[in-house]
Amino acid sequence: MKLVKSTPKKTVLALAIAAACTAFPCFADDDEKGFQRIATFPVYLNTDINQETVAEIVAASADGMTLIYTDGKTENLGFVDITDPAKPLPAGVVALGGEPTSVAVKGAYALAAVNTSTSFTEPSGNLQVIDIASGELKATFDLGGQPDSIAVSPDGRYAAIVIENERDEDAGDGAPPQAPAGFFVIVDMLGEPADWTRREVNLTTLDGMHFASDPEPEYVDINSDNIAVVTLQENNHIALIDLVSGDIVNHFSAGTVDLDQVDTEKDGSITLDSELLDIPREPDGVSWISNTQFVTADEGDLDGGSRGFTIFNTDGSVAHAPGNSVEHAIVRHGHFPDKRAGKKGNEPENAEFAQYGDDKLLFVGSERASVVLVYKVKDDGKADKHNARKGSKHKGHELVQLKQVLATATKPEGLLAIPQRNLFVAAGEADDRGDKIRSGLSIYQLSDEANYPTVVSKDRADGTPIPWGALSGLAMDPEEEDTAYTIQDSFYKQSRVLKLDIEETPAKITQEIVLKDANGQLAAIDPSLVNADGTVNLDPEGIATRTDGGFWIASEGKGTIGDTKKPFESLDLLLRVAKHGLIEEVVTLPETVNERQVRFGFEGVVAVDSEYGEQLYVAFQREWAGDADGHVRIGRYNTDSGEWDFYYYPIDAPQSANGGWVGLSDITYLGDDKFAVIERDNQGGPDAAIKRLYTFSIDGLTPTADDGSAPSFPVLSKTLLRDLMGDLAATGGLTLEKVEGLAVTEQGTLLVVNDNDGVDDSNGETQLLRIEGVFK
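Residues numbered from 1 in each chain as written. Predicted model: local features only at pLDDT ≥ 70, side-chain atom pairs only at ≥ 80, totals over all residues. Heavy atoms only, no water.

Draft legend 1. Quick look at the environment of Lys-73. Inspection of the secondary structure puts Lys-73 in the loop between strand E3 (66–71) and strand E4 (76–81). Under the relative-accessibility criterion, Lys-73 is labelled partly exposed at 45%. Residues Lys-73 and Gly-473, 400 residues apart in the sequence, show an inter-C-alpha distance of 38 Å. Those residues in contact with Lys-73, other than ones at most four positions away along the chain, are Glu-52, Thr-53 and Val-54. (Helix = DSSP H or I, 4+ residues; strand = E, 2+ residues; numbered from the N terminus. Buried < 20%, exposed > 50% of the residue type's maximum accessible area, 1.4 Å probe, protein only. Contact = heavy atoms within 4.5 Å.)

Draft legend 2. Focus on the nonpolar core. Formed by 28 residues in total, the largest nonpolar core has its most connected members in Phe-309, Ile-311, Leu-362, Leu-373, Tyr-375 and Val-400. Secondary-structure elements contributing two or more residues to this core are strand E22 (309–313), helix H1 (325–332), strand E24 (348–356), strand E25 (359–366), strand E26 (371–377) and strand E27 (400–407). When neighbours within four sequence positions are excluded, Tyr-375 is seen to be in contact with Phe-309, Val-326, Lys-360, Leu-361, Leu-362, Val-364, Val-400, Gln-401, Leu-402 and Lys-403. Counting 27 residues, the second largest nonpolar core, distinct from the first, contains Ile-68, Val-229, Phe-294 and Phe-312. (Core = buried A, V, L, I, M, F, W, Y, C linked by side-chain atoms within 4.5 Å.)

Draft legend 3. Inspection of the environment of Ser-124 at higher detail. Residue position: Ser-124 is located in the loop between strand E7 (109–115) and strand E8 (125–131). Sequence spacing of Ser-124 and Asp-142 is 18 residues, and the spatial spacing of their C-alpha atoms is 8.1 Å. Apart from residues no more than four positions distant in its own chain, Ser-124 is found in contact with Val-114, Asn-115, Thr-116, Ser-117, Gly-145, Gln-146 and Pro-147. Side-chain polar atoms of Ser-124 contact the side chain of Thr-116, separated by 2.8 Å. (Polar contact = N/O pair within 3.5 Å; in protein donor to acceptor, adjacent residues only side chain to side chain.)

Draft legend 4. Geometry of the pattern of salt bridges. One pass over the structure, following the stated rule, counts 39 salt bridges. Between Arg-167 and Glu-169 there is a salt bridge, with its nearest N and O atoms 3.8 Å apart. Under the relative-accessibility criterion, Arg-167 is labelled buried at 9%. Measuring nitrogen to oxygen at the nearest pair gives 3.1 Å for the salt bridge that ties Asp-431 to Arg-438. Look at Arg-438 and you get buried, because its relative accessible area is 4%. Among the charged side chains, a salt-bridge network with shared partners connects Arg-167, Glu-169, Glu-234 and Asp-301. (Salt bridge = Lys/Arg side-chain N within 4 Å of Asp/Glu carboxyl O.)

Draft legend 5. Quick look at the packing of aromatic side chains. Inspection of the entire model under this criterion finds 28 aromatic pairs. Each ring, one from Phe-620 and one from Trp-624, has its centre 5.1 Å from the other, and the planes form 75 degrees; the classification is edge-to-face. The exposure class assigned to Phe-620 is buried, which follows from its relative accessible area of 0%. For Trp-624, a relative accessible area of 3% translates into the label buried. Measuring from ring centre to ring centre gives 4.9 Å for Tyr-669 and Phe-675, while their planes differ by 55 degrees; the resulting arrangement is tilted. Its relative accessible area of 28% is what places Tyr-669 among the partly exposed residues. (Phe/Tyr/Trp six-rings, centres within 6.5 Å; stacked < 30°, edge-to-face > 60°.)

Draft legend 6. Molecular detail of the side chain of Asn-350. Topologically, Asn-350 is positioned in strand E24. Taking relative accessible area as the criterion, Asn-350 reaches 1% and is therefore assigned buried.

Draft legend 7. Quick peek at the environment of Ala-653. Positionally, Ala-653 belongs in the loop between strand E43 (644–650) and strand E44 (662–671). On a C-alpha basis, the gap between Ala-653 and Asn-638 in space is 31 Å, while along the polypeptide they are 15 residues apart. Setting aside residues no more than four positions away along its own chain, Ala-653 makes contact with Val-662 and Ile-690.

Draft legend 8. Highlighting the side chain of Arg-496. Mapping Arg-496 onto the fold places it in strand E34 (residues 496–501). Looking at Arg-496, its side chain comes within polar contact range of the main-chain oxygen of Pro-467, at 2.5 Å. Excluding its chain neighbours within four sequence positions, the residues that come into contact with Arg-496 are Arg-460, Ile-466, Pro-467, Trp-468, Thr-486, Ile-487, Gln-488, Glu-512, Ile-513 and Val-514.

Here it is in structure tokens:
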């Protein structure tokens, strides 16, 4: 499914990209530009918040002021007013009477390819020509089969449509060939829409395809010579078609790739030590970058997927194959979907190319990582000398250079460059209100500053990036003012502490400290949490630094006492950990408290040195059994006496239109008996209502123990410190659900980080917010 591109025009803004950038995307110099996300439009705004919607392919009006997207779920073509791109407005929908698979623009008209099939064996579809200004249907053309992608030639003379006639994956083994065969349609657009005519091109005559009788064309794009490039994904094949004559002027296999240092197992750990050999590219999206070169997004389908992209010359030779560098860039940015490691990894879905000022930029969208990688393409267009026809296992940098990684709405499909307005748009198709995911159009603008990423990782000794994701607690180093520490929750096995250098933006993960139970402290309490090699599988949710250089880590228990659906599995724990990761001590709650366990337990911990020794303050997320309604516990543990006692913290009532609950996340100490906590609901996107920082003081209050009777603890009084909804909105994305980590720097800057859920049912975005001026 391919989208139309606005005609490139010169702009007054030119990108000045430093050639020295290698491991990280860089926009460091004052005269450099990066893409800043300025808005995300949830497409339900054109229908109803309870309606499931899908923004799949996106195009723009000729003036770049209106976005037009396909919504296969509602069978509508949607319109968005981006006169002010930072404030997109709903502009209505046009019902199509079938599933739109793609859209392109010809002058004043939107061309929608619509699937009207009633079965796989009797596919049907049409092309609908719609006046963009009025929404009026001007013409309809029977396409003779099920369409997928559509493109319009740069001169507006032709439209090209691939008729996929997709296979039934539930028929037999689901593999091709399956009748009827797909084909290619050319629309001659002379005169008014009613006067247009169509031609067909047979694709079953191509030698060298795996399934000659079942071409399965997928995507199409057209260059200024009116040559269409078509991907035939399941056949791992590419065809070039002259739209003037209708002749196939070249076709060839997309070839295979070898990859090393990639993760190929779904095992709860990002391990970049595997190899993939002779993997078919099986390209999906395609885009011309000149009249002699085009780029494919090598998603894979039956057996393949290069986890990257390929730049081809029109003779079929490879100009550039990035090897493992796409996968590594995604790992470095915390967006790697480990649950897809055993399949096709990040799954590049689409590619787009445009010229902004003097710079030629390539955009590659990753469906499973929910990112768009932005590359600068060299003018010379010379091939990587080390990249052979089948592609290189290694990182190629000669033809393209990674400049930035953009977070998108979940599962980006359509990509659209609007260079005359210095804009770029990505359409995220996933939509599930219950999972806090809304389909949306992410809008980016070329800017003096890029607002993403906020965290990246440096390389390990073997040259692979330190893998990370699902960040939870935050804590500052007591000695180094530009160093913080964070942790990963139970999404990942082999629990680790990550060291953060926060001196610059993005912050950089410079070290990983693997927790180990070499002395058997954890095994004595719960051996099921300890691996054979001594590493541990905890649910770290809070971290505190100690003056000796070590840590206290709060691990949330799993399960609820007496619950048959979410039964008890493990206790909430505090672990004293040496600076190199050795577990030195494990602390449990009193038995009277453990008997009340609810699965929403330890969420944050902070260590405070006092006249009574080192004391730990622990935030519980929600009420436990027997607790007063609307009150969650702040636990205090005296490390000298080993005694626990508790306060009650009054939690806000849910305010979301979607219901849900409110709980605590992290806790940090501000000095003088004063603390700050994160209070949040379990809602995201437009349903999010509570993402707040509160402070409270324990001055004059004495916590009490839990003796097993009805709890009655002193109730803390809280004061609003910061409503984070505005800070999250300023990122230009949909509001993130899990605001999890909190710390305060020596200069008084608030650091707040979210948990990206390991890129599982999430767009994988990590925002490390830096909020200044709160403490004056």
